[in-house]
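# Tertiary structure, described
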Amino acid sequence: MNKTNIYQQRRIALAKQISSKTGGGIAVVSTAPELTRNRDSEFPYRHDSDFYYLSGFEEPGATLVLKVAANGALETHLFCRPKDPEREIWDGIRLGPEAAPEKLGVEFAHSNHELDQKVGELLADQDAVYIRLAESAEADRRLRHWMKQVRGQARAGVNPPSEFHDVEAFIHEMRLFKDAHEIDIMRKAAAISARAHIRAMQICKPGMREYQLEAELLHEFRNSGAQSVAYNSIVAGGENTCILHYRAGSTELRNGELCLIDAGCELDGYASDITRTFPVNGKFSGPQRTLYDITLAAQEAAVAMTKPGNTFMQPHEAALRVLTQGLLDEKLLKLADLGSLDNAIESGAYRRFYMHRTSHWLGMDVHDVGSYRETIENADQADKPWRILQSGMVITVEPGLYVRPADDVDQAFWNIGIRIEDDAVVNDSGCELISRGAPVKADEIEALMKS
Ligand code: GLY
Ligand code: MN
Ligand code: MN
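These notes cover the structure that comes with them. (Residues numbered from 1 in each chain as written. Chains lettered and ligands numbered in written order. Predicted model: local features only at pLDDT ≥ 70, side-chain atom pairs only at ≥ 80, totals over all residues. Heavy atoms only, no water.)

This part takes up the site of ligand 1. As a matter of local geometry, ligand 1 sits amid Tyr 231, Asp 262, Asp 273, His 360, His 367, Glu 398 and Glu 421. Between Asp 262 and ligand 1, the recorded distance is 3.2 Å, taken from a side-chain N or O atom to a nitrogen atom. Between His 367 and ligand 1, the recorded distance is 2.7 Å, taken from a side-chain N or O atom to an oxygen atom. Its residues assigned to classes, the shell around ligand 1 comprises one nonpolar, two polar and four charged. (Near = heavy atom within 4 Å. Polar contact = N/O pair within 3.5 Å; in protein donor to acceptor, adjacent residues only side chain to side chain. Nonpolar A, V, L, I, M, F, W, Y, C, P; charged D, E, K, R; others polar.)

What follows concerns the coordination of the manganese ion (ligand 3). At the metal site, the manganese ion (ligand 3) is ligated by Asp 262 (OD), Asp 262 (OD), Asp 273 (OD) and Glu 421 (OE), and these contacts range over 2.0 to 2.4 Å. Geometry at the manganese ion (ligand 3) is irregular, judged from the six donor atoms that bind it and their angles of 56 to 168° at the metal. The sequence pattern formed by the donor residues of the manganese ion (ligand 3) is D-x10-D-x147-E. Between the manganese ion (ligand 3) and the manganese ion (ligand 2), a separation of 3.3 Å is found, and both are coordinated by Asp 273. Placement of the pair is Asp 262 in strand S11 (residues 258–263) and Glu 421 in the loop between strand S17 (416–419) and strand S18 (422–426), with a sequence separation of 159 residues. Residue Glu 421 is classed as buried on the basis of its relative accessible area of 0%. (Donors = N, O, S within 2.8 Å, 3.2 Å for Na, K, Ca; no water. Tetrahedral: all angles 85-135°; square planar, octahedral: opposite > 155°, others 65-115°. Helix = DSSP H or I, 4+ residues; strand = E, 2+ residues; numbered from the N terminus. Buried < 20%, exposed > 50% of the residue type's maximum accessible area, 1.4 Å probe, protein only.)

We now examine the coordination of the manganese ion (ligand 2). For a metal with four tetrahedral donors the ideal donor-metal-donor angle is 109.5 degrees, whereas six octahedral donors ideally subtend 90 or 180 degrees. For the manganese ion (ligand 2), every protein donor is listed as Asp 273 (OD), His 360 (NE2), Glu 398 (OE) and Glu 421 (OE), and the spread of their distances is 2.0 to 2.2 Å. Coordination at the manganese ion (ligand 2) is irregular, judged from the six donor atoms that bind it and the angles of 51 to 154° they form at the metal.

Across four bridges, strand S7 (residues 128–131) lies against strand S8 (residues 163–166) in parallel orientation. Of the residues in S8, the one forming a bridge with Tyr 130 is His 165. (Pairing = 2+ DSSP bridges.)

Across the sheet, which stays open at both edges, the three strands sit in the order S9-S12-S13 with antiparallel pairing between neighbours. Of all the strands in the sheet, the pair left with one neighbour each is strand S9 (228–229) and strand S13 (270–271). Here helix H8 (residues 180–203) sits on the sheet and contacts strand S12 (265–267) and S13; the angle it forms with S12, its principal contact strand, is near 145°. (Contact = heavy atoms within 4.5 Å. Axes fitted to C-alpha atoms, helices over the stretch in contact; angles between N-to-C directions.)

Our focus in this paragraph is the nonpolar core. Counting 109 residues, the largest nonpolar core has Leu 14, Leu 78, Leu 213, Ile 261, Phe 278, Leu 291 and Tyr 292 as its most contacted members. At nine residues, the largest contribution of residues to this core is made by H8. Not counting chain neighbours up to four residues away, the residues in contact with Leu 291 comprise Leu 332, Leu 401, Val 403, Phe 413, Ile 416 and Ile 418. In terms of nonpolar packing, the next biggest core, distinct from the first, is built from 15 residues, Ile 26, Val 129, Ile 131 and Trp 146 among them. (Core = buried A, V, L, I, M, F, W, Y, C linked by side-chain atoms within 4.5 Å.)

Now for the packing of aromatic side chains. Going through the model one piece at a time under the given rule, you end up with seven aromatic pairs. Between Tyr 130 and Phe 170, the ring centres sit 5.6 Å apart and the planes meet at 70°, which makes this aromatic pair edge-to-face. Linking Tyr 130 in strand S7 with Phe 170 in helix H7 (residues 167–176), this pair joins segments that are 40 residues apart in sequence. Grouping aromatic residues by their ring pairs yields a cluster made of Phe 312, Trp 361, Tyr 372 and Trp 386. Seen from the ring of Tyr 53, Arg 10 lies directly overhead, with NZ or CZ sitting 4.1 Å from the centre. Against the face of Trp 386 rests Arg 373, its NZ or CZ located 3.9 Å from the ring centre. (Phe/Tyr/Trp six-rings, centres within 6.5 Å; stacked < 30°, edge-to-face > 60°. Lys NZ or Arg CZ within 6 Å of the ring centre and 35° of its normal.)

Right, let's talk about the layout of surface pockets for a bit. Counted as a void, the largest pocket has a volume near 960 Å³. Taken together, 33 residues form the lining of the largest pocket, with Pro 44, Tyr 45, Arg 46, His 47 and Ser 228 sitting closest to its centre. Counting only elements with at least two residues in the lining of the largest pocket, the list comes to helix H9 (210–223) and S9. Here the lining of the largest pocket is built from residues that sort into 13 nonpolar, eight polar and twelve charged. Approximately 620 Å³ is the volume found for the second largest pocket. Lining the second largest pocket we find 28 residues, and of these Ser 30, Thr 31, Glu 135, Ala 139 and Arg 142 sit closest to its centre. When residues of the lining of the second largest pocket are traced back to their parent elements, those giving at least two are strand S1 (25–30), helix H6 (137–151) and H7. Ranked by residues supplied to the lining of the second largest pocket, first place goes to H6 with six residues. Across the lining of the second largest pocket, the residue classes tally to twelve nonpolar, eight polar and eight charged. (1 Å grid on protein atoms, 1.4 Å probe; cavity = no way out; pocket = protein on both sides within 12 Å on 5 of 7 lines; lining within 4 Å. Points joined across faces, edges and corners; volume = space filled by probe spheres on them.)

Laid out in structure tokens, this is it:
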């Protein structure tokens, strides 16, 4: 199957859902805008994930319009930047509407200058429109403009649409299940990120700065062909390990302290997301090793629960039991105060040391799309059960422990922040950890850093 076919098939699958819901309609999905960083300089461009999922097209300034007939028959219109030799000298070659049908497998392609007029025409006599609801003031303005055009034809007997649906809900449900093509890319992305973590561990030594390890990660990402980071890299030394979304800064990595790296590349539009925590000097201290082994045991418990038929929450619950038992064993939580492990969990006492969830969906976006609850028509959100894991879903498994200084906390544990994060593809029997190219056992990390 070539690439174009994958995107075509996704559009056809979306069209089928639209025809069965409302007997056809028009769906509109635009890519992301370009963003100015300062004056003539732009942020690196990143396409919109939904748009890319349906088109495989990475250029800015593009919109897909799907015209779906009652029987599900689909006509796809792509609007894209027109060829412009003058602009192409500055910004690079554009595909252009002439070449787009052949390259992208769309039936029609037009200059994006024609978007407003053409969509106005396409909406005539359509009941249902599928768009991103409440996306932006700009998108609202466009929709108003299109509707005004159709309403303006009322006396000619043209009916404007009267139903508006959230197109994202359909696309995001599709994106939740990764096909073989997507999983293949995600395996490659995770392998590159794992190598980057190894590189950082090997190079790390006391006296280096966080940004220097970030540079090593970026080197491995780009040198391996990854287009970007999937999110800003976290490289945290010492007390910074306890700041969940710390950015790599200029703090010195000191002898006897830990370094936490949460970093992953984006390859061909797919994210990877790996965290490793290791001793700056290559050898865990006693208290560091104790909390590290508890966190790893929690991750193992969560991984064992990452299998089809379990809920999204079961890996988290498994991790939580191990972490909380560890906190009680090390007297970071006091059994005398809490009475039991169950109460330490139910009361939320553990949250002081573990304040985030264990998993999130992973895919084109690092915190990927898809509902975390089963869909039950007319049920309140809280009444909807947690999502059942199924083959093809991808989640992270990332327990952690974060101990900040406090009078009632044993000083030996102060400023120890640990997170261990791997990427798990749910399969028919359990899950495949695609990020384990990076060592995870304390002994293996020490051996690597010694070599
Ligand atoms: N790097 C963000 C996360 O782990 O969720
Ligand atoms: Mn994550
Ligand atoms: Mn992460």
